[in-house]
Structures are given as C-alpha cells and as structure tokens.
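Topology and contacts: notes
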Amino acid sequence: MANGSTSSRGLAGTTLRIDLTTGEIKRSPTDEKLMREWFGGRGAIAKILYDEVPRDADPLGPENLFIICPGVMSGCFIPAGSKVEFGSVSPLTNGHGDSNMGGHLGPALKFAGYDMVILSGISPRPVYLFIDDDRVELRDASQYWGMGSLECEPVMKQDLGEDFEIATIGPAGENGVRFSCITHDFGRQAGRTGQGAVMGSKKLKAIAIRGSRGIVVHDLEKLTEHVTAIMKRTQTHPNMAPWQKYGTAFFIEWSNTNAVIPTRNFQTTYYENIEGISGEALVEKCLISHKACFGCWMNCGKYTKAVLPGKQTVYLEGPEYETGALCGSNLGMTDINQVAYLNWLMDNAGMDTMSGGGVVAFAMECFQRGLITADDLEGHTLNWGSVEDAEHFIDMVVHRRGTGDYFAGGTKRAAEKIGRGSEKFAMQVKGQEMSGYDGRYAPGMLLSYMTCDIGAHHNRSWTITVDMAEGRDTIEGRAKVVIYLQHIRSLFDIWCICRLFWGELDVEPEEIVEALKYITGWDVDTAEALVTSEKIWNLVRCHYLERNRANGRTFDYPPARSWEEKIPTGPSAGKGLTKDQIEAMLDEYYAGRGWDKNGNPSRAVLHDLNLDFAADNIEKIGLLGKPLSNGIPAVRGERYKPKAF
Amino acid sequence: MEIKRLKVSPGKCSGCRLCLQICAISHHHETNPKKARLKIEARFPQPGKYKPRVCVQCGKCMEVCPEGAISRRDDGAYIVLTEQCTNCGECIPVCKPDVIFQHRDIGHVLICDNCFKCVELCNTGALTMQTRLVKETK
Amino acid sequence: MTIFLRAGGQLRAMLKPDIDHYTRKVEIDGEKTIGEILKDISLDPAYVALIYVDGVMKDLSFRPSDGQTITLQPPVSGG
C-alpha cells in the first residue's frame, strides 16, 4: 500500500504547512473531516481562507495564505483528473480567490503523498518549493528570479530532472502585478484572481514536484470499469474529433456571428476581421501539436508557434478561446500570429491573458479617447491592432514603470487613477476583468459576471445559448439558471477535474458522482454535491462581505457601459439592457438564493447550509440579510434543460 | 507465427498519460504512472511534441539476463518471471527504447507484456497494435 | 440523395437523431447547402458552431454529396 494513513480513499494522506518567513515545514495527517464536508479543492480552500486569514490582512502581505490543493479526484483514474486548485485572498478583488489549472502538477503532488500545501508568511529571499516524495525543501531561487515563466520551466527541468512537474511565476508576479498567473507545462495557467501575485509577494518563484507513490482508491475495479466505459463510449462522440482538432478556439467565429464577441474593449460585439483570428486560422497557420492534460482523452490544448516579421519566433500553448477573444478582437488584432505572440508575451511575463487582454484593451480605449497620451506612454502610441504598441505597454505594466503602475492593479484601480469617466468602460466586476463574451445582449451572461463569487468570470456560469433559447430580450427566469450553473460548474473546481467533458461529451454529473464514490467510498449523491457547492458559494459571499464591509448589492454592478450604451454595430446593433433590467435581474437572483434585496445572505439560508457561524459573523458587522417575507426557496437554482428536450 | 507489438505513430501523442495510468492499474492495481511499462517523452518547448517510448519486442533483455528470468510467450511478448528476477538491472542499459523500469516498491524489473490495454484508451491513434507474421522464433 | 447529420451535447436534442444516439438520416432532393438542409429540418443554425466534414471545417454554404456524414458541433459551453 502506498499511503495507508487515511481511511478516506482517494486522498494521499498528508498535509504540509510551510511558514515561508521562518522556513519551518510541518507535516500533519490530512483533515478527513474537512475533506469530506467541503470536498477538497475549492471547498477546502474556501473554508481554510475563511477561518485563518484575518479580515484586514493585506492580500500581498505575510498574513495571507497561499494554498495548493488538488482535491480528492485529481490524479485518480477519472476523465481529465488533472486539475490543481490554488487559493488565497485575491489581490485583485480583495475577496476569496481561487484559480485552477490542468497539466500534471496536481496529480504529481498527490503522487508525492500530499493533499494540500498551505503556505504562509514571506520568505526573506526568493525560494522555490521542492517536493520529491518525502523530501520537502525550500530552495534558493535567486538564479531563477527575474526569468520569464516559459523560460524558467525548461531551465528548472534541466537542473532538477525532466520528470519534475514545474509551476512558475514570471516577472509580473514578482513585481506585484495584481492579475498575475501561475504557469505550468509550457502553457497551462491558473490565470484568474492574481494567484501569481500572491506567490510573488511571498517570494515563492516556483514549485517543483516529483511523486512516485500511488493513490489508493476505494474500489479500483469498479472505478476502472466505469471510467473505461465512459472513455470508450465518448471516443466516437460527434464532438470528439472536431474538439481534438480545434480545441476551444473553433467557436471564435460563432461568438462573432452571434454577436457576443468583445471588440475593442467591449465597444461592440461584432468584429469585422474575425477570419484572421479564427480557430481555423490557428490550426492552419500556427499549430504544431495537440496537447492534453493528465488523464484527458480530448486534448483541447493546441501547441503552436507564432511567426511575426521582426519578432523572435515563439512557442506557446494557445491561444484558446478566451485569449483569442480578449487579446484578439478586443485589441483589434487581425492575424492569429499577432494574438499568439501577445499570448506568449503575457504567458512569459506571467500575467493572466484574460485580465491582461482586458487591461490592454482598456488602456487602448483610454488612448483612443485621449485620456492617456504618448506622454504617459514613454513616447509611444497605443493603437488598436498594434502589436508593437501593446508589447511596449505590457512591458510598462509588468515592470510597473510610470503609468504602467496604474494598470498593474487591473482596470478598476487604473480607472480610479485616470478618472474622467473611464470607470464606465473599465470592463470588470469586483476588480476582475470580464471574460470573452459581451453580456449586453446576453442578459444571463451579464448576470453571471455580476454575481460571480471571484469577480467577473465565465467559468462559474455561462449562459449564451440559454439566452438565445429563452430570448435575448427577456430577463425573467434567468437568475435561477445562473444559480444552478454556479453550483454545478463549481463542482468541477471543488473536485479538481476538468469541466469540459461534461458539457462537450454528454457525460452526466451522476456518472462523475458515481466515480467519486468508487474513489472515496463516501456515501454521496448529486444532490448533496450541489448543496455542498451552494454552501461554499455562500461562505465565499460572507467572506467577501466581511472583508469589504458594505451591502453585497453594491459590489454586484457591472460598469455603466453595460446599460448606458447600446451595441452600436453588427447583428445586435441597437440592442442592450436598461439599468432597470439589471436591477430586476439582481432582485430575482437574490430571491432565488435566499438573500435579501441588499444582496446579503439571510440567516435562514445560512442555517439551512450549516453555516450558522458565518451568519453570526456577518450579523456582527450589520450585513446579515433581512428575513425574506416568503421564506427561502427550498431548492436554490433550477436545473436547466434546453427547450428542445 | 503471428506476433503482436505496439506501434507508435509519431506526432499523434498528446501526452495525456492515460496509457501510463491504465498500465499501472492493470499490472499493479494502483493509479501510479511511475509503475507503468512505457513512457512519454515530452520535448518542450521545442520542437513541442510528445514521443511515446514502448517495447519493440526485440528480446535483447532476454539475451543479457543472467538469471534466465525473461522468457518469450507464443505471441512474441517477453515476460519477466518475477520469482526469478533479482532486479539486478542488467537488462536496462541494453534496452534501446529505454523502457525497462524499476520502482522501489517492486522487487523485479517492469517490462511490457503486450496486454494492449494502453491501445484501448489511446484516443489519438498514437499507440496501435501491430500484428505480423514471422517465419520462426528465436 | 441521403446524408447523415450527427450532433452531441445541446444540439443532439435539437437534431432528433433517429438511426443511432447521435445520427439522423436525411433525404434531400437534389443539391442543397447545409444551411438549406438545416432549414428544411427546422434546426436553427444559430446553435451550430462548427460544421465538420471528413476532418475539415465547413460553413453553411457547403453542399454535401450522397452518403456523406456531417458533424454539427454546438458552441463550447464556456471556453
């Protein structure tokens, strides 16, 4: 038996606590009760951050924790059991932050024998975390400090061995750029909520892991049979072949045709040069090979190279859909090689391509409107479609030179500095930049951004086809779908497996729960899983309120462009939402969650979710929701099936 | 006789390691890619490709084994006789594709036994089963 | 002539497969574009993100030939 120290199967057995200030490394048996109640991953992270990080702690200070948790399913024989969740209080949103990535790091941590690593403090010098089965060390990283993410990984592999899994931050993370990411496997990123900035603030340059143990599961025979059947069945699924060939990038054109693609900082939703940056262009012009995460038979990763005149040829993974939209149409780029080059620049600098694309687009619009000028840009321009301009500006942001420093805090902080109405087109919610869909004529999508627990992000809820099926001019009923999606989609981040095979290959949540039972031996069903997800959602909301100390509703508004400006061009020209509709969606959403009109959770719903301690805490600061006149809904959220079913 | 072996189609592998997982599960009842009998060489950042390395059933291991602990099955596969193997590792340097493994939990070397479980799960066509007729066996 | 349309995910229900879990057999008179065929079977092309024939991406103007299989891919449910 590899690890016999826990009775819950699927776990590796040991949790590490590392104080970076003193260098002390403590091992303890993994808290099985915590793992069972909160399901590991995002759930365990949410509970630990809530319990242990002081409410006034600076996200970039020593009191913030940085947690690495691959959950109970990662590393097991399960479709795409590749993910690892990172968590800390977000320097971008000042609330609970979590972000995950695929690749091989999470499984490697489990194979080394660890379920979780909790890092605190700030190291006096740059270090990297070295884990080789039982050997756990903080090693000097001065030779790697300053290196780009993508440049650092092969050097570390050369130094340590090819079979080490490496995650790094780049100069952006080192310099405290608040939307910095963590990079692994030459192009997999935990991009959102600034986890790379937290690593940088702790002087933690990288993580290197090699593990040779196995994971003991409850019933390997049944698990193998069950998972093999899912994989074989889906090998001939109609979506499989096109998915393997194009990855997520294929639907850039679809987003354009259906007028949701962000164009020039969300000024419009239709891009005239879409063909140049499409998934087809990516495969034709840039593709080298198809790349998969651990245990995934769908290989959506596209390993590519970008060739641009006058630039070094660069190798990268991507651009995927989000980068294609946010660094493509949103910056007015016309050629996929330009998008790929910017993707590489941001990856190597260690900044999230989604927030990064949003920040560059926001700065370009500021330049378009004369709110910043060449004087602010070291004599450079910042025009739509110019890679040269974008490259220089990104360098200013990464090194926080001059005006670049404003933007290193993300669009919200930059708009506060620039003023003059720029906040109206700073396309963010709670400080985090929006994903690659414009919500003005997709109301459910806008509501998804507004209410997302970690700031604007599509990962928790994506509703474009729901909006189309239910009517893009209507808002009624959308909140219930958003709530359901926020619960079910978060489950994948809790379990640390990929979500894409669920949506793309018709693998039912019940089939995944069945696998979870074979892995852990837990008595669990889909209903319990959804309630646990809701519980985590509410705890994260309370954490946000306790840190930011105002009614929840005040944080849930999108920028004014979302209601003040109608879409000017393309198939949705003239369409848009009113402020009243946005208010009505929020009302419907809060009622659907059992929160009051101020967007604060009521005691009834928190009690129902076993979160009385959180209710007590928000009551103390006057932010407990008022009792709802009709009581709370028995089930929050409504499982959505398209009308054709 | 008809012999079977694994065939690698270069350039198709996506590096998912499902082959490693199912190999370790089938042979060692454990999710642990480090107990697999094949490996994936990742060549990144350049040229940016994966190369599976698998047993080619050449029989060099059997030739050098000082204990006579490797024998050939009728279908052409070379099988480690686990009771006789001393884990001395003399077969490792002669293996051209470098796919003989040792693991500290296991008292013998690990060599592919042609079960082809990996082929069943390989969804890119990188690993397939090749059958061919040969006149005589060694 | 006869063509075969295949779809999974959200589109599967809209396609109403008849010969297996994902596939619908469609008889068409003469040459038609995929756009026209989808219109004939009342499938809103807005839900089709990718048309995939013999390993290659096509658009709504593609004219399939007899016996061909056309895969219709819905949009990614949130990249």
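This section reports on the structure supplied with the text. For clarity, every value in this text was computed on a predicted model and none was experimentally measured.

Some thoughts on the sheet that holds strand β5 (residues 69–73) of chain C
Strand pairing in a sheet is mediated by backbone hydrogen bonds. Such pairs are either parallel or antiparallel. Residues and elements named next belong to chain C. Read from one edge of the open sheet, five strands run β2-β1-β5-β3-β4, paired in mixed fashion. What marks the edges here is a single partner per strand, and that holds for β2 (23–27) and β4 (56–58). Pairwise comparison of adjacent strand axes, ignoring direction, gives a mean angle of 35 degrees for this sheet. Two elements, strand β3 (residues 50–53) and β5, share three bridges in a ladder whose sense is antiparallel. Paired with Leu50 across the two strands is Gln73, which belongs to β5.

Section: the pairing of strand β3 (residues 49–53) of chain B
Residues and elements named next belong to chain B. In terms of strand pairing, strand β2 (residues 39–43) meets β3 through five bridges, oriented antiparallel. Residue pairing for β3: Glu41 is matched across the bridge by Lys51. Once β2 ends, the chain turns through five residues before running back antiparallel as β3, passing Gly48 with a positive phi of about 85 degrees.

Brief notes about the nonpolar core
Formed by 273 residues in total, the largest nonpolar core has its most connected members in Ile67, Ala206, Ala363 and Trp495 of chain A together with Cys19 of chain B. For this core, the leading source of residues is helix α19 (residues 478–495) of chain A, giving eleven residues. Those residues in contact with Ala363 of chain A, other than ones at most four positions away along the chain, are Ile372, Leu382, Phe393 and Phe407 of chain A.

Thoughts on the sheet that holds strand β10 (residues 182–184) of chain A
All names here are of chain A. The six strands are arranged β8-β7-β12-β9-β10-β11 in an open sheet whose pairing can be described as mixed. If you trace the sheet from one side to the other, it starts and ends with β8 (135–140) and β11 (188–190), each paired once. Each strand axis lies, on average, 20 degrees off the axis of its neighbour in the sheet, ignoring direction. As defined by bridge partners, strand β9 (residues 165–168) adjoins β10 across two bridges and the pair is classed as antiparallel. Bridge assignment links Thr168 to a residue of β10, and that residue is Thr183. The strands that helix α3 (residues 105–112) touches are β7 (127–132), β9, β10 and β12 (204–210); relative to β12, the one it contacts most, it runs at about 60 degrees.

Focus on the interface of chain C and chain A
The interface of chain C with chain A comprises 22 residues on the first partner and 28 residues on the second. The dominant element in the side of chain C that touches chain A, judged by the number of residues it contributes, is helix α1 (residues 10–15) of chain C, at three residues. A per-class count over the side of chain C that touches chain A returns twelve nonpolar, nine polar and one charged.

Regarding the interface of chain A and chain B
Listed by partner, the interface residues are 29 residues for chain A and 23 residues for chain B. Breaking the side of chain A that touches chain B down by element, the ones donating at least two residues are α4 (149–160), α7 (220–235) and β13 (287–291) of chain A. Looking at the side of chain A that touches chain B residue by residue, the class counts come to 18 nonpolar, nine polar and two charged.

The rules we used
Residues numbered from 1 in each chain as written. Chains lettered and ligands numbered in written order. Predicted model: local features only at pLDDT ≥ 70, side-chain atom pairs only at ≥ 80, totals over all residues. Pairing = 2+ DSSP bridges. Helix = DSSP H or I, 4+ residues; strand = E, 2+ residues; numbered from the N terminus. Axes fitted to C-alpha atoms, helices over the stretch in contact; angles between N-to-C directions. Core = buried A, V, L, I, M, F, W, Y, C linked by C-beta atoms within 7 Å. Buried ≥ 20, exposed ≤ 12 C-beta atoms within 10 Å, placed from the backbone. Contact = placed C-beta atoms within 7 Å. Nonpolar A, V, L, I, M, F, W, Y, C, P; charged D, E, K, R; others polar.

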